[in-house]
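# What the coordinates show
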Protein chains: 2
Amino acid sequence: MVSLDTYIKTYQEKINQALEKAVNPLKEANRLTDGMLYSLRAGGKRLRPILLMASFESFQEDTNKVMSTATALEMIHTYSLIHDDLPAMDDDDLRRGKPTNHIVFDEATAILAGDGLLTYSFEWIAQDPLLSATEKTTLISWLAKASGPTGMVAGQMLDLLAEDKRVTIDELEKIHRLKTGQLINFAIKAGAFLGGATQEQLDELHIFSTYIGLVFQIQDDILDIVGDEETLGKPVGSDEENEKSTYPALLGLDGAIKHRDNYVAKAYEALENVQIGESKLFDLTKFLTERKY
Amino acid sequence: MVSLDTYIKTYQEKINQALEKAVNPLKEANRLTDGMLYSLRAGGKRLRPILLMASFESFQEDTNKVMSTATALEMIHTYSLIHDDLPAMDDDDLRRGKPTNHIVFDEATAILAGDGLLTYSFEWIAQDPLLSATEKTTLISWLAKASGPTGMVAGQMLDLLAEDKRVTIDELEKIHRLKTGQLINFAIKAGAFLGGATQEQLDELHIFSTYIGLVFQIQDDILDIVGDEETLGKPVGSDEENEKSTYPALLGLDGAIKHRDNYVAKAYEALENVQIGESKLFDLTKFLTERKY
């Protein structure tokens, strides 16, 4: 049994290679391809595709079948970061210690690199010879819904509207469920679907993934207070400085930790109900809860 | 036989209704839906979906089968206009005599409305109960390719890079083929594919649609010189003022007209080869060539 650390590193490498293989050959406009590759290469935990692969592996072995979907999912996540960082949105010059896309290139290229990654993600799934037409249609339908105007894009809109406002815990969770939660739902469900999960299992995994999505977000907020700048690769305390609505701001630090641990327990409960025996999803849940970066 | 004018008006109305039906129910973030609807309602010729429907009708009657694809295509076209008008791109305050999306809302909303329309277009096709999984996968694959980083998005990138530069006629046509041509290719091919065209017919229609795509663009350039501001709904002479590379700038006005007529002849020739007898595509080609707006 490989350690979780080795598992994550191995799969990150697999995903990085798959992203290069997908995007490197695009040669109609080199500056556009460069812009897309820059942000894909800027690192990141590859959390969403790893969750997708681990979910699939709870049912089947050969992960080749999910690589195009995992890759497409990371393209969508990356496009959303490029657009979120734009001056008109969150106006961030740095991400993971590196200059953001519009700083290295320019705003126009960043907008187009995002548009390109978003569009290409659907093409990438649609052309996969390892998937049936029905599988592809289901995946594309789910992925578009999770990332579109009733999913991630709506979440980003609501997040922008909530700036400089005190929101309630329910409003905050609605934003997180849309902005980051739905793509994590997709990761877990798509992997299980391709692995052959039953509808009951998909339903339990939906619950599981909703809780780990929120745990991920709460932990982000907690790390902004108690985290170590060097380990995190970004400055801490910025949420408080920007008067951002966060779990600790609404519940206090101890309250946020309790809230997180409550969701962690519910996530484990749902995962037990899936009845897949040992699964890397248990370890990954532990990782999400205890992560320091 | 209805006149072309009535045909266009009837189908514009059908498409407008289909767009409302698709986008109006999206309620997660009202400002986002408002932004999407604003640009969808801002008018436009609905040229691409009408070409798609006319192409389908050259083979089959009941256009219900193509409505989701026609609607998705117009969503993609509309998203591209919203993003192209942004300050970081072409920086246009007016389109079709109305303030552009980022002027009415703001840049962030405009970026997200574009992202939302783009993503939703794929969801809209993927959820259509009238299409088979194989049809949907083919359509999504073609549409993503036509509008993505080796299609429209690449064209917009090259167009921005060509600003304030003298380009050759070949470079100009490469930009047009990518930026506007591929979506027109898609319109014609998707309609014929859903109508049951043979591969030979699809190949001829690909040639046909490439020529009418270029004719559309040349006519745009010509109208910017000889057009009537009121009929066009926009000021003329702006291309020359902005020293834009256009067909008349490269070939002279007479040269551009000759170039257009040469392509028109080739378009008709390809269309004859499809052997579909009488088809609205003949009338639409005439309309594209002679249009005054």
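Treat the numbers as computed from the prediction; the structure is a model and nothing was measured.

### Re the overall build of chain A
Along chain A, the regular secondary structure elements total 14 helices and 2 strands. Against the compact-globule benchmark of 19 Å for 293 residues, chain A has a radius of gyration of 18 Å, which places it among compact chains. Across its three principal directions, the C-alpha atoms of chain A cover 50 × 50 × 35 Å. Counting across all 293 residues of chain A, residues that qualify as buried make up 53%. Contacts in chain A between residues far apart in sequence, at least 24 positions, make up 70% of those at least 6 positions apart.

### Quick look at the nonpolar core
Counting 170 residues, the largest nonpolar core has I140(A), V215(A), I140(B) and V215(B) as the members making the most contacts within it. Beyond its immediate chain neighbours, meaning those up to four positions away, I140(A) contacts F122(A), I125(A), A126(A), F122(B), A126(B) and I140(B).

### Quick notes on helix α7 (residues 133–147) of chain A
For α7(A), built from 15 residues, the straight-helix expectation of 21 Å at 1.5 Å per residue is met to within 8% by its first-to-last C-alpha distance of 21 Å. The set of residues buried in α7(A) consists of K136(A), T137(A), L139(A), I140(A), W142(A), L143(A), A144(A), K145(A), A146(A) and S147(A). On the buried face of α7(A), the contacting elements are α4 (67–85), α6 (107–126), α8 (152–162) and α9 (169–195) of chain A together with α6 (107–126) and α7 (133–147) of chain B.

### Some words on α6(A)
Taking 1.5 Å as the rise per residue, α6(A) with 20 residues should run 28 Å; its terminal C-alpha atoms sit 29 Å apart, in good agreement. Within α6(A), 19 of the 20 residues are buried, leaving the element largely enclosed by the surrounding structure.

### Thoughts on the interface of chain B and chain A
With 44 residues of chain B in contact, the opposing surface of chain A contributes 44 residues. Listed by contribution, the elements that provide at least two residues to the side of chain B that touches chain A are α2 (30–40), α6, α7 and α8 (152–162) of chain B. Broken down by element, the side of chain B that touches chain A gets its largest block of residues, 12 residues, from α6(B). Among the residues making up the side of chain B that touches chain A, the classes are represented as 25 nonpolar, 12 polar and 7 charged.

### Some thoughts on the relation of the copies chain B and chain A
For the pair chain B and chain A, the best superposition has an RMSD of 0.0 Å and corresponds to a rotation of 180 degrees with a translation of 0.0 Å parallel to the axis. Taken together, the rotation angle and the small translation identify this as a two-fold axis. When each C-alpha of chain B is compared by its distance to the rotation axis, A133(B) comes out closest, at 2.6 Å. When the interface residues of chain B are mapped onto chain A, 100% of them are again interface residues, pointing to one common binding face.

### Some points on the packing of α8(B) against helix α9 (residues 169–195) of chain B
Residues and elements named next belong to chain B. α9 packs onto α8 with a crossing angle of 145 degrees between their chain directions and a minimal axis gap of 8 Å. Handedness of the α8/α9 crossing: left-handed. Packed against α8, whose contacting residues are M152, A154, G155, Q156, L158, D159 and A162, the element α9 presents E171, K174, I175, L178, K179, Q182 and L183 at the interface. Split by residue class, the contact of α8 with α9 holds 7 nonpolar, 3 polar and 4 charged.

### Concerning the packing of helix α1 (residues 4–23) of chain A against α4(A)
Residue and element names in this part refer to chain A. At their nearest, the axes of α1 and α4 sit 10 Å apart, and the two run at 80 degrees to each other. Between α1 and α4, the interaxial angle falls into the category roughly perpendicular. Along its contact with α1, which presents I15, A18, L19 and A22, the element α4 presents M67, A70, T71 and E74. For the contact of α1 with α4, the residue count by class is 6 nonpolar, 1 polar and 1 charged.

### Details of the confidence of the model for chain A
Predicted coordinates in areas of low pLDDT are best not read in detail. Summarising the model, chain A shows a mean pLDDT of 95, and 100% of its residues fall at 70 or more. Reported confidences for the modelled complex are a pTM of 0.97 and an ipTM of 0.97.

### Brief notes about unusual backbone geometry
For R96(A), which is not glycine, the phi torsion reads 50 degrees and is therefore positive. As for its position among the elements, R96(A) is in the loop between β1 (94–95) and β2 (98–99). We note that D164(B) has phi near 60 degrees; this positive angle belongs to a residue other than glycine. Along the chain, D164(B) falls in the loop between α8 and α9. Owing to 8 C-beta atoms within 10 Å, D164(B) belongs among the exposed residues under this scheme.

### Side note on the environment of G213(A)
All names here are of chain A. With respect to the helices and strands, the residue G213 is situated in helix α10 (residues 199–226). It is 9.7 Å that separates the C-alpha atoms of G213 and A267, two residues lying 54 residues apart in sequence. Setting aside chain neighbours within four positions, we find G213 in contact with R177, T180, G181, I184 and N185.

### Some thoughts on the environment of T78(B)
Looking at the secondary structure, you find T78(B) in helix α4 (residues 67–85). Not counting the four nearest positions on each side in its chain, T78(B) is found in contact with S39(B), L40(B) and L117(B).

Rules behind the numbers
Residues numbered from 1 in each chain as written. Chains lettered and ligands numbered in written order. Predicted model: local features only at pLDDT ≥ 70, side-chain atom pairs only at ≥ 80, totals over all residues. Helix = DSSP H or I, 4+ residues; strand = E, 2+ residues; numbered from the N terminus. Rg over C-alpha atoms; globule rule 2.2 N^0.38 Å. Buried ≥ 20, exposed ≤ 12 C-beta atoms within 10 Å, placed from the backbone. Contact = placed C-beta atoms within 7 Å. Core = buried A, V, L, I, M, F, W, Y, C linked by C-beta atoms within 7 Å. Expected span 1.5 Å × (residues − 1). Nonpolar A, V, L, I, M, F, W, Y, C, P; charged D, E, K, R; others polar. Least-squares fit on C-alpha atoms with pLDDT ≥ 70 in both. Axes fitted to C-alpha atoms, helices over the stretch in contact; angles between N-to-C directions. Left-handed = near helix turned anticlockwise from the far one by under 90°. Parallel < 35°, antiparallel > 145°, perpendicular 65-115°, else oblique. pLDDT = per-residue confidence, 0-100.

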